[in-house]
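Overview (structure and organization)
One-letter residues, chain by chain:
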Amino acid sequence: MLDRVRLGGTLLFHFELGHPWHLELPTRPHALFHYLSRGSATLALGQGQDIEMSEGDLVVITRGEPHVFFSDRRAEPLRIIDIDRSSPRLGILRHGGEAAPLSSMICGNFTVSRPLFGSVLELLPPVLLLKPTVDGAWLEAILRRMVSESARERPGQRVALSRLTEVLFVEVLRSWIASLSPGQGGWLGAMSDPHIGPALKLIHESPERSWALSDLCQRVGLGRSVFSARFTRLVGQPMHRYVIERRMLEAAFLLETSDEPIARIAGRVGYETAAAFSKLFHRHHGLSPGRYRAARRLDASHLQPDEPSAKLSA
């Protein structure tokens, strides 16, 4: 599934913070991540409960909602008005007083341009806090490599940062999935189920197949009624509806990334006629396949590389 996502990322800020300090971050269209490499901080998001963070914590604001970090809420806030930047080449940003404790925080975002990401992002909670683990050295290693990679322009920099971000995001998903109880996390959580997980893998690998309930039941070793109830409970929708959703997302990916005729794409996702495929695609995405392809190509042509810019307001 993640192969069908165009995932990128950018490091936005590297903060050095002296007590008392207070940061305000605006609404963003992307998921933001913050890694507290030293010290402690309090995160406040909307009307939710404050979250206490300690050294080594990684937090992901999955919906890009406005949020604040502080050591003392009463301190004059540093308002970050515009955080669109290509890299943190302005160096370390120092904020706050000179008193201990001192905190260091690395902030960045996950950017995507593929429809499949929505089906992943929507399953995550608005705030995802990951605590350090025994083998958590990977996190600091990845983030510090991202910092050094962003510090100066070199050939292949954008590709390197994109790959590092992909690894970071996969590790975030793994950690979150490992923390789920049965029935949580939709299809992502269901991937760890010993019966539904293999069924989902089969669907993902071959969405074009005419998957019958009896076929999947036989392959994973469950009876029809037990499998059907278990699939719906863990994934959040019946098996046949999930297959259609996967087909429509795969079709959207093919329309965006290839010039294949619509009739051929219809066959690749399991439909014998372009008419039947087009009708279902329109119902799912709100546009005919041809209009969807044209609209996505137009959107892509209007995307320009990010210009380095950052506005701060104290």
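Residues numbered from 1 in each chain as written. Predicted model: local features only at pLDDT ≥ 70, side-chain atom pairs only at ≥ 80, totals over all residues. Heavy atoms only, no water.

1. Topic: the environment of Asp57
Looking at where Asp57 falls in the secondary structure, it is placed in the loop between strand 5 (51-54) and strand 6 (58-61). With a relative accessible area of 0%, Asp57 lands in the buried category. Spatially, the C-alpha atoms of Asp57 and Ala41 are 9.9 Å apart, while their sequence positions differ by 16 residues. Once residues lying within four places of it in the same chain are set aside, the contact partners of Asp57 are His34, Tyr35, Leu36, Glu52, Leu129, Leu130, Lys131 and Pro132. Only 2.9 Å separates the side chain of Asp57 from the backbone nitrogen of Ser54, close enough to count as a polar contact. (Helix = DSSP H or I, 4+ residues; strand = E, 2+ residues; numbered from the N terminus. Buried < 20%, exposed > 50% of the residue type's maximum accessible area, 1.4 Å probe, protein only. Contact = heavy atoms within 4.5 Å. Polar contact = N/O pair within 3.5 Å; in protein donor to acceptor, adjacent residues only side chain to side chain.)

2. Remarks on the side chain of Ser104
Relative to the elements of secondary structure, Ser104 occurs in strand 10 (residues 99-112). Taking relative accessible area as the criterion, Ser104 reaches 4% and is therefore assigned buried. A polar atom in the side chain of Ser104 sits 2.8 Å from the side chain of Glu16. If near-sequence neighbours (up to four positions away) are discounted, Ser104 is found in contact with Phe15, Glu16, Tyr35, Leu36, Ser37 and Arg38.

3. As for helix 6 (residues 213-220)
Every buried residue belonging to helix 6 is among Leu216, Cys217 and Val220, and all of these are buried. Seen along its axis, helix 6 keeps its buried residues to an arc of 105°; they face one direction. If you follow the buried residues of helix 6, they end up packed against helix 5 (196-205), helix 7 (224-235) and helix 8 (239-257). Looking one or two places after helix 6, you find Gly221, whose phi comes out positive at around 80°. (Arc of directions from axis to C-beta.)

4. Section: the nonpolar core
Counting residues in hydrophobic clusters, the biggest one holds 45 residues, and the most contacted among them are Phe33, Met146, Leu168, Phe227 and Phe231. Apart from residues lying up to four places away in sequence, Phe231 is in contact with Ile196, Leu200, Ile203, Gly236, Gln237, Pro238, Met239 and Tyr242. (Core = buried A, V, L, I, M, F, W, Y, C linked by side-chain atoms within 4.5 Å.)

5. Re the packing of helix 2 (residues 137-150) against helix 3 (residues 157-178)
Running from amino to carboxyl end, helix 2 crosses helix 3 at an angle of 160°, the nearest separation of the two axes being 10 Å. Between helix 2 and helix 3, the angle falls in the class roughly antiparallel. For the pair helix 2 and helix 3, the crossing hand works out as left-handed. Only Gln157, Ala160, Leu161, Leu164, Thr165, Val167, Leu168, Glu171 and Ser175 of helix 3 make contact with helix 2, whose side of the interface consists of Trp138, Leu139, Ile142, Leu143, Arg145, Met146, Glu149 and Ser150. A breakdown of the residues in the contact of helix 2 with helix 3 according to their chemical character gives 10 nonpolar, 4 polar and 3 charged. (Axes fitted to C-alpha atoms, helices over the stretch in contact; angles between N-to-C directions. Parallel < 35°, antiparallel > 145°, perpendicular 65-115°, else oblique. Left-handed = near helix turned anticlockwise from the far one by under 90°. Nonpolar A, V, L, I, M, F, W, Y, C, P; charged D, E, K, R; others polar.)

6. Side note on the pairing of strand 1 (residues 7-19)
Burial analysis of strand 1 places 12 of its 13 residues in the buried class, the great majority of the element. Relative to strand 9 (residues 93-96), strand 1 runs parallel, the two being bridged by 4 bridges. Residue pairing for strand 9: Glu16 is matched across the bridge by Arg94. (Pairing = 2+ DSSP bridges.)

7. So, the confidence of the model for the protein chain
With 86% of its residues at a pLDDT of 70 or more, the protein chain has an overall mean of 83. The element-level mean pLDDT for the protein chain is lowest in strand 12 (residues 311-313), coming to 50, with helix 9 (residues 262-268) highest at 95. Here residues 303-310 is modelled with pLDDT under 50, and outside its nearest four sequence neighbours on either side it reaches 17 contacts, counting other chains as well. (pLDDT = per-residue confidence, 0-100.)

8. Quick word on the packing of aromatic side chains
Under the definition given, this model contains 8 aromatic pairs. Ring geometry for Phe33 against Phe110: centres 4.9 Å apart, planes inclined by 40°, an arrangement best described as tilted. Of this pair, Phe33 sits in strand 3 (residues 31-38) while Phe110 sits in strand 10, and the two are 77 residues apart along the sequence. For the residue pair Phe33 and Phe110, the accessibility class agrees, reading buried in each case. When the ring of Phe227 is compared with that of Phe231, the centres are 5.8 Å apart and the planes differ by 40°; the resulting orientation is tilted. Of the two residues, Phe227 and Phe231 are both situated in helix 7; the distance of 4 residues between them amounts to about one turn of the helix. Summarising the burial analysis for this pair, Phe227 and Phe231 share the class buried. Taken together through their ring pairs, the aromatic side chains of Tyr271, Phe277, Phe281 and Tyr292 make up a single cluster. The aromatic ring of Trp211 is capped on one face by Arg209, whose charged end is 4.4 Å from the ring centroid. The aromatic ring of Tyr271 is capped on one face by Arg247, whose charged end is 5.0 Å from the ring centroid. (Phe/Tyr/Trp six-rings, centres within 6.5 Å; stacked < 30°, edge-to-face > 60°. Lys NZ or Arg CZ within 6 Å of the ring centre and 35° of its normal.)

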